[in-house]
Amino acid sequence: MGAGALTKEVEPTNVERQRWLALTEKALAGASFEDRLVSHTDDAIRIEPLYDRAAGAEPLVRANPKLPWIVSQRIDDPDIGRAKAQALDDVAQGATGLSLVFEGAPNAFGYGLPRTAQALETVLDGIPLNRVQIRIDAHPWSRAVADWLVAFLSKRRSDPAKLNLSFGIDPAAIFAGTGRLRMSIEALQASMPQSLAHFFSLGVPGVLLEADGRVFHNAGATEAQELGTMLASAVSYLRMFEDARQPLVYAAPHIGFALSVDQDQFLSTAKVRALRRLWGRIQETCSIPASTANIHAETSFRMMTAADPETNILRTAIAGFAAAAGGADSISILPHTIAHGLPAPFARRVARNAQLIMANESHIDHVADPTYGSGAVEALTLGLCEAAWAEFQRIEAEGGVLASLQHGHIQARVKAASERRAEAYRSGERTIIGTTLHPLKSETPVETLAAERRPPFTEGVAVCEALFPVRIDQSIGAAP
């Protein structure tokens, strides 16, 4: 069979597309179609200007698609009194989840609640736990905080089985984000299953172990690098339980995910969808019944700008919408002033209300997987799955996520991606509104709360090169 016949058989003539191509060629007036209309993601995934509707795809939905996603507000103020007031106000004004960010957490950005049981109990006092999801952001003492939380629930005589909890235990994110582990990798892998065994016996619902990609994203990782590292983290948990001869079928539903979403709406939506598909593939490979991935999305820290901070409201609104359209189970929007310090009440209220408007007035959650069947989003989802799977296999070949971090392999790839992106901004190939394009020169002070930055975590037995969060405007020298 000749090449022409093969082409005709595989790609039947689409009259409408041919007409569009003819008009496009005329409009380009000799300019290159590839250069002008085709773009690529940071993972070299090709983005066409026009797609046909996708056929044969499966819808990808939240764990409970009949309910809205959880509107989760960060509680990260070192002042316990202010933090308590923030938590009560957020819940009273419509938040349905609280993300407790303790000092030392890679995602605390220099602040965070004091690392004490008193801080935990003070902040949660008066919170209706049966109606509000409680998330503990991954940090070096997550295991201790988990015990404090269980003890607090016992004091309150709350039934853990009726609550929605996430304990945020993620050794890989802590290792990458701080460059330290409090014990050797071998000791950690041997002790973790037994350490968590009593949580299974308590019947605690929700997420015990979390694969957190935000550390890698905020340090500069591509979407596929973030997803691939998260998969490697989740698989490392499954492997720990398998080595301890504990059934994976019970462990898998207690593994959750946290990722970053940014101003690239379609790519962020595809990233959330790709994660669901990838986790299903992992479980299928392990021959265990597939459980729906529990995904927490937080808007990107690296996309935030110090100049013209009001433009961050637009960025975070797009990112939050993308997470909701992608089917995230819970979403946190970073306040728009976070590049300047600890956000004040107004910035926190704007972040919270953006989600409430999307959920309660725009009703985005009324359609499960709204991008299902979209040729563009389905192609991006598939492309991210393939690229992320390749990154996951690369990490596995390097000995798993902790070994890869210890030897600096993941860090090298993340830093290379970050530098390529920064160079694109420095050269003008990419722009940041209000910073590199139409920069706003304003001397108006930005309101923040008085708080001292906490020193980084320095304790540890196992050591690796840390991946710290770096905003893009900082990496290109455009931050004021």
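Worth saying up front: this structure is predicted, and the values here are computed from it rather than measured.

Asks: Looking at this model, I keep getting lost on the pairing of strand S8 (residues 207-212). Mind explaining?
Replies: Both faces of the sheet carry side chains from a regular strand, because those side chains alternate between them. Of all six residues in S8, six are buried, a share of seventy percent or more. Summarising the sheet, strand S6 (residues 165-169) and S8 pair through two bridges and their orientation is parallel. Pairing of Ser166 across the sheet is with Val207, part of S8. Where S8 and strand S9 (residues 255-261) come together, four bridges link them in parallel fashion. Note on S9: the bridge partner recorded for Asp212 is Ala258.

Asks: Sorry if this is basic, but what is going on with the packing of aromatic side chains here?
Replies: Pairs of aromatic rings are described using the distance from one ring centre to the other and the angle between the two planes. Applying the stated criterion to the full structure yields five aromatic pairs. Over the ring of Trp141 we find Arg115, and its NZ or CZ is 3.5 Å from the ring centre. Looking at Arg281, its charged tip hangs above the ring of Trp389, at a distance of 3.8 Å from the centre.

Asks: Got a minute to help me understand the sheet that holds strand S11 (residues 330-332) in this structure?
Replies: In a beta sheet, neighbouring strands pair by backbone hydrogen bonds and run either parallel or antiparallel. Strands sit in the order S3-S4-S5-S6-S8-S9-S10-S11 around a closed barrel of eight strands; the barrel is parallel. For this sheet, the mean inter-axis angle between neighbouring strands, taken without regard to orientation, is 30 degrees. Sheet topology places strand S10 (residues 294-299) next to S11; three bridges connect them, and they run parallel. Note on S11: the bridge partner recorded for Ala297 is Ile331. Strands in contact with helix H10 (residues 223-243) are S6, S8 and S9; relative to S9, the strand with the most contacts, it is inclined by about 170 degrees.

Asks: How should the nonpolar core be read in this particular structure?
Replies: One recurring pattern in soluble globular proteins: nonpolar side chains tend to sit buried together. One finds Leu98, Leu100, Ile134, Phe167, Phe257, Leu259 and Trp279 to be the most contacted residues of the largest nonpolar core, which totals 109 residues. At eleven residues, the largest contribution of residues to this core is made by H10. When residues no more than four places from it in sequence are discounted, the contact partners of Leu98 are Ser72, Gln73, Ile75, Ala87, Asp90, Val91, Ile127, Val132, Gln133, Ile134 and Arg135. Residues Tyr425, Ile432, Ile472 and Ile476 belong to the second largest nonpolar core, which totals five residues.

Asks: For this particular structure, what's the right way to read the pattern of salt bridges?
Replies: Taken as a whole and assessed by the stated rule, the structure comprises 33 salt bridges. A salt bridge links Arg214 to Glu298; the shortest N-O distance between them is 3.4 Å. Remark: Glu298 occurs in strand S10 and Arg214 occurs in helix H9 (residues 214-218); sequence separation between them is 84 residues. Across the pair, Glu298 and Arg214 agree in class, each one buried. The partner of Lys271 in a salt bridge is Glu226, and the shortest N-O contact between them spans 2.6 Å. Placement of the pair is Lys271 in helix H12 (residues 265-285) and Glu226 in helix H10, with a sequence separation of 45 residues. Here the two residues Lys271 and Glu226 agree in accessibility, since each one is buried. Through salt bridges that share partners, Arg74, Asp76, Arg135, Asp137, Glu210, Asp212, Arg214 and Glu298 make up one connected network.

Asks: Please explain the confidence of the model for the chain as it appears in this structure.
Replies: Residues with a pLDDT of 70 or more make up 97% of the chain, whose mean pLDDT is 91. Between residues 1-10, whose pLDDT stays under 50, and residues either more than four places distant or in other chains, the model counts two contacts.

Asks: Quick question: what am I supposed to make of the packing of helix H4 (residues 80-92) against helix H5 (residues 117-124) here?
Replies: Relative placement of two packed helices is described by the angle separating their axes and the distance separating the axes. In the contact formed by H4 and H5, the axes pass within 8 Å of each other and the chain directions differ by 35 degrees. Seen from above, H4 lies across H5 with right-handed handedness. Residue-level contacts link Ile80, Ala83, Lys84 and Ala87 of H4 to Ala119, Thr122 and Val123 of H5. Its residues assigned to classes, the contact of H4 with H5 comprises five nonpolar, one polar and one charged.

Asks: Help me out: how do you make sense of the side chain of Ser233 in this one?
Replies: Here Ser233 shows up in helix H10. Assessed through its relative accessible area of 2%, Ser233 is described here as buried. Dropping the residues within four chain positions of it, Ser233 is found in contact with Asp170, Ala172, Ala211 and Val401.

Asks: Please clarify how H10 should be interpreted in this entry.
Replies: An α-helical turn contains 3.6 residues, so a residue and the one three or four places further along point in the same direction. With 21 residues, H10 should cover 30 Å at 1.5 Å per step; its first-to-last C-alpha distance of 30 Å lies within 8% of that length. Here H10 lies mainly inside the structure; 18 of its 21 residues are buried. In the segment just after H10, Arg245 is the residue with positive phi, at about 60 degrees.

Asks: What exactly am I supposed to notice about the environment of Leu449 here?
Replies: Examined against the element boundaries, Leu449 turns out to sit in strand S13 (residues 448-449). Residue Leu449 is classed as buried on the basis of its relative accessible area, which comes to 18%. When the C-alpha positions of Leu449 and Leu405 are compared, they lie 35 Å apart, and in sequence the two are 44 residues distant. Excluding its chain neighbours within four sequence positions, the residues that come into contact with Leu449 are Asp77, Arg82, Gln86, Leu342, Pro343, Ala344 and Pro345.

Definitions and cut-offs
- Residues numbered from 1 in each chain as written.
- Predicted model: local features only at pLDDT ≥ 70, side-chain atom pairs only at ≥ 80, totals over all residues.
- Heavy atoms only, no water.
- Buried < 20%, exposed > 50% of the residue type's maximum accessible area, 1.4 Å probe, protein only.
- Helix = DSSP H or I, 4+ residues; strand = E, 2+ residues; numbered from the N terminus.
- Pairing = 2+ DSSP bridges.
- Phe/Tyr/Trp six-rings, centres within 6.5 Å; stacked < 30°, edge-to-face > 60°.
- Lys NZ or Arg CZ within 6 Å of the ring centre and 35° of its normal.
- Axes fitted to C-alpha atoms, helices over the stretch in contact; angles between N-to-C directions.
- Contact = heavy atoms within 4.5 Å.
- Core = buried A, V, L, I, M, F, W, Y, C linked by side-chain atoms within 4.5 Å.
- Salt bridge = Lys/Arg side-chain N within 4 Å of Asp/Glu carboxyl O.
- pLDDT = per-residue confidence, 0-100.
- Left-handed = near helix turned anticlockwise from the far one by under 90°.
- Nonpolar A, V, L, I, M, F, W, Y, C, P; charged D, E, K, R; others polar.
- Expected span 1.5 Å × (residues − 1).

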